Amino acid sequence: MGLQVGDKAPAFKAKDQNGNEVKLSDFKGEKVILYFYPKDNTPTCTTQACNLRDNYHLLLKKGYKVLGVSADNEKSHLKFIKKFDLPFPLLADTEHAIIEAYGVWGEKTLFGRNYMGVLRTTFVINEKGVIEEIIQKVESQRHSDQILGKTE
């Protein structure tokens, strides 16, 4: 059984796109959107990141800090951030430590082929470090609305 709403969010530390160490404990007392995505510069991941970018001011206004996580390295993250002017840090989890801790590594299917990869998932973590919401059916084009609870 994976993580559930109400569980304490697993602690982590990783390097961001600039090589700075980022830990979950750095955000104690703050709300965190921790979103896992498969790969920098791919169409759906770009759509998701740009949706979060375009609504970043709303997320900040609601008190959220945004952190993206993928298995890409720091250099890849830096290029992705610069290319799409992303205002939030991306964490490099090349060893899959955070990905495994949050249970978002699993079997996927593309064009009838099964393979292992990062399952696009977002965790909303409250000020006490407790998981408040888990979004597993991420809609990349309206992900900010999903986080903020808006419905069409």
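Placed above this text is the structure.
Residues numbered from 1 in each chain as written. Predicted model: local features only at pLDDT ≥ 70, side-chain atom pairs only at ≥ 80, totals over all residues. Heavy atoms only, no water.

(A) Geometry of helix α1 (residues 43-54). In a regular helix each residue adds 1.5 Å, so 12 residues correspond to 16 Å; α1 covers 16 Å between its end C-alpha atoms and thus fits that length. Buried residues of α1: Cys45, Thr46, Gln48, Ala49, Cys50, Asn51 and Leu52, and no others. Where α1 is buried, its residues meet β3 (31-36), α2 (56-61), α3 (74-84), β8 (121-125) and α5 (143-148). (Helix = DSSP H or I, 4+ residues; strand = E, 2+ residues; numbered from the N terminus. Expected span 1.5 Å × (residues − 1). Buried < 20%, exposed > 50% of the residue type's maximum accessible area, 1.4 Å probe, protein only. Contact = heavy atoms within 4.5 Å.)

(B) Structural view of the pattern of salt bridges. Counting across every chain of the model gives four salt bridges. Between Lys65 and Glu30 there is a salt bridge; the shortest N-O distance is 3.4 Å. Residue Lys65 is located in strand β4 (residues 64-70), and its partner Glu30 is located in the loop between β2 (21-23) and β3; the two are separated by 35 residues in the primary sequence. Residue Lys65 is classed as partly exposed on the basis of its relative accessible area, which comes to 30%. Residue Glu30 is classed as partly exposed on the basis of its relative accessible area, which comes to 27%. Asp54 serves as the salt-bridge partner of Arg53, at 2.8 Å between the closest nitrogen and oxygen. A relative accessible area of 26% means that Arg53 is categorised as partly exposed. (Salt bridge = Lys/Arg side-chain N within 4 Å of Asp/Glu carboxyl O.)

(C) Structural context of the side chain of Thr122. Mapped onto the fold, Thr122 is located in strand β8. Taking the relative accessible area as the measure of exposure, Thr122 reaches 0% and is therefore buried. Engagement of the side chain of Thr122 in a polar contact is seen with the side chain of His143, the distance being 2.7 Å. When near neighbours in sequence (up to four residues on either side) are disregarded, Thr122 contacts Ile33, Leu34, Tyr35, Gln48, Glu133, Ile134, Ile135, Val138, His143 and Ile147. (Polar contact = N/O pair within 3.5 Å; in protein donor to acceptor, adjacent residues only side chain to side chain.)

(D) Region of interest: the pairing of strand β1 (residues 13-16). Inspection of the sheet shows β1 paired to β2 by three bridges, in the antiparallel sense. What sits directly across from Lys15, in β2, is Glu21. Two successive antiparallel strands, β1 and β2, enclose a turn made up of four residues, where Gly19 displays a positive phi of approximately 85°. With two bridges joining them, β1 and strand β5 (residues 90-92) adopt antiparallel strand pairing. Counted as the bridge partner of Lys15 is Ala92 from β5. (Pairing = 2+ DSSP bridges.)

(E) Representation of the sheet that holds β4 within the structure. The seven strands lie next to each other as β2-β1-β5-β4-β3-β8-β9, forming an open sheet whose pairing is mixed. The open sheet has two edge strands, β2 and β9 (131-135), and neither has a second partner. When the angles between neighbouring strand axes are averaged without regard to direction, this sheet yields 30°. Along the sheet, α3 contacts β1, β4 and β5; its crossing angle with β5, the most-contacted strand, is approximately 160°. (Axes fitted to C-alpha atoms, helices over the stretch in contact; angles between N-to-C directions.)

(F) Up close: the nonpolar core. With 21 residues, the main nonpolar core has Tyr35, Leu86, Phe88 and Leu90 as its most contacted residues. Broken down by secondary-structure element, the contributors of at least two residues to this core are β3, α1, α2, β4 and α3. Per-element tally for this core: the top contributor is α1, with four residues. Beyond its immediate stretch of four places on either side in the chain, Phe88 contacts Tyr35, Ala49, Leu52, Arg53, Tyr56, Val66 and Ile81. If you look at the next biggest cluster of nonpolar residues, it comprises 20 residues, including Ala14, Phe27, Leu34 and Val118. (Core = buried A, V, L, I, M, F, W, Y, C linked by side-chain atoms within 4.5 Å.)

(G) Representation of the layout of surface pockets within the structure. Approximately 190 Å³ is the volume found for the largest pocket. Around the largest pocket, the lining is made up of 14 residues, and of these Lys8, Leu24, Ser25, Lys28 and Gly129 lie nearest the centre. Broken down by class, the residue content of the lining of the largest pocket amounts to six nonpolar, three polar and five charged. (1 Å grid on protein atoms, 1.4 Å probe; cavity = no way out; pocket = protein on both sides within 12 Å on 5 of 7 lines; lining within 4 Å. Points joined across faces, edges and corners; volume = space filled by probe spheres on them. Nonpolar A, V, L, I, M, F, W, Y, C, P; charged D, E, K, R; others polar.)

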